[in-house]
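Reading the structure
Here is what each chain is made of, one letter per residue.
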Amino acid sequence: KANGLGRGSVIHPGDRLTVPGASGGAAAKAPAKKSSSKIVKLNAEQKSNAQLIIRVGRQLGIPERGIAIALGTAMQESSLRNLSWGDRDSRGLFQQRPSTGWGTVAQVQDAERATRVFFGGPHDPNGSRTRGLLDIKGWQNMSFAQAAQSVQISAYPDLYARWEDDAYAWLKALG
């Protein structure tokens, strides 16, 4: 509760947590953004999923910023893993929920389709059932976290910001 985390939250190496009542002074809150000197290294599964997001983004003509937002969102939602579980009925890279119109269980776990749905726009496999990044008016002028939140509607909207530096570094390295 002190860290704004819930049952489906993921804690990553390097995150700082508040421990209520801990001795040694005031506990530090988790930083909104990581320093670019501590970019999270991706394992083979994460790299593969990041490369898929980048490839789909490039095929759709998504600007670099949009691709970085997708990478950061997938890292926050699933640690860039195509999960078969999540909060309630959330599944896949972006933890999309079949019960809220993102597709069937199989569709939200199809990483390429889920990425296309996250981006949205005229080539969205969901049509107008859901709103992807390209469907959000003014997303280019929003903060990284605001843009991600506009698609995801998370209970913890500020957590996306922590992945901004990493997402641009992964995009540069992999894309």
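Scroll up for the structure.
A brief look at the structure comes next. Everything quoted here is computed from the prediction, not taken from an experiment.

1. Some points on the packing of helix 2 (residues 64–78) against helix 5 (residues 144–152)
Direction vectors running N to C along helix 2 and helix 5 enclose 70°, while the axes themselves pass 10 Å from each other. Relative to helix 5, helix 2 is oriented roughly perpendicular. In this structure, helix 2 crosses over helix 5, and the sense of that crossing is right-handed. Only Phe144, Ala147, Ala148 and Gln152 of helix 5 make contact with helix 2, whose side of the interface consists of Arg65, Ala68, Ile69, Gly72, Thr73 and Glu77. Taken together, the residues that form the contact of helix 2 with helix 5 break down as 5 nonpolar, 3 polar and 2 charged.

2. Some remarks on unusual backbone geometry
Positive phi values are uncommon outside glycine, yet Leu80 reaches one of about 55°. Position of Leu80 among the secondary structure elements: in the loop between helix 2 and helix 3 (105–108).

3. Section: the environment of Val105
By the element assignment, Val105 lies in helix 3. Among the residues examined, Val105 registers a relative accessible area of 43% and is labelled partly exposed. Through-space distance from the C-alpha of Val105 to that of Arg91 is 7.1 Å; in sequence the pair is 14 residues apart.

4. Quick word on the nonpolar core
Counting 38 residues, the largest nonpolar core has Ile53 and Leu71 as its most contacted members. Secondary-structure elements contributing two or more residues to this core are helix 1 (44–59), helix 2, helix 4 (111–119), helix 5 and helix 6 (164–174). For this core, the element with the most residues is helix 2, which contributes 7 residues. When residues no more than four places from it in sequence are discounted, the contact partners of Leu71 are Ala50, Ile53, Ile54, Leu80, Ala167, Trp170 and Leu171.

5. Here's the deal with the pattern of salt bridges
Applying the stated criterion to the full structure yields 5 salt bridges. With a shortest N-O distance of 2.5 Å, Glu64 and Arg58 are connected by a salt bridge. Relative accessible area serves as the criterion here: at 42%, Glu64 is assigned to the partly exposed category. Among the ionic pairs, Arg88 bridges to Asp87, the shortest N-O distance being 3.7 Å. With a relative accessible area of 61%, Arg88 lands in the exposed category. Overall, the relative accessible area of 38% leaves Asp87 in the partly exposed class. Linked through salt bridges whose partners overlap, the residues forming this network are Arg55, Glu112 and Arg116.

6. Focus: helix 5
Across the 9 residues of helix 5, 8 count as buried, placing the element largely inside the fold. Count one or two residues on from helix 5 and you reach Ile153, which has phi positive near 50°.

About the criteria used
- Residues numbered from 1 in each chain as written.
- Predicted model: local features only at pLDDT ≥ 70, side-chain atom pairs only at ≥ 80, totals over all residues.
- Heavy atoms only, no water.
- Axes fitted to C-alpha atoms, helices over the stretch in contact; angles between N-to-C directions.
- Helix = DSSP H or I, 4+ residues; strand = E, 2+ residues; numbered from the N terminus.
- Parallel < 35°, antiparallel > 145°, perpendicular 65-115°, else oblique.
- Left-handed = near helix turned anticlockwise from the far one by under 90°.
- Contact = heavy atoms within 4.5 Å.
- Nonpolar A, V, L, I, M, F, W, Y, C, P; charged D, E, K, R; others polar.
- Buried < 20%, exposed > 50% of the residue type's maximum accessible area, 1.4 Å probe, protein only.
- Core = buried A, V, L, I, M, F, W, Y, C linked by side-chain atoms within 4.5 Å.
- Salt bridge = Lys/Arg side-chain N within 4 Å of Asp/Glu carboxyl O.

No statement about biological role is implied by the geometric values presented.
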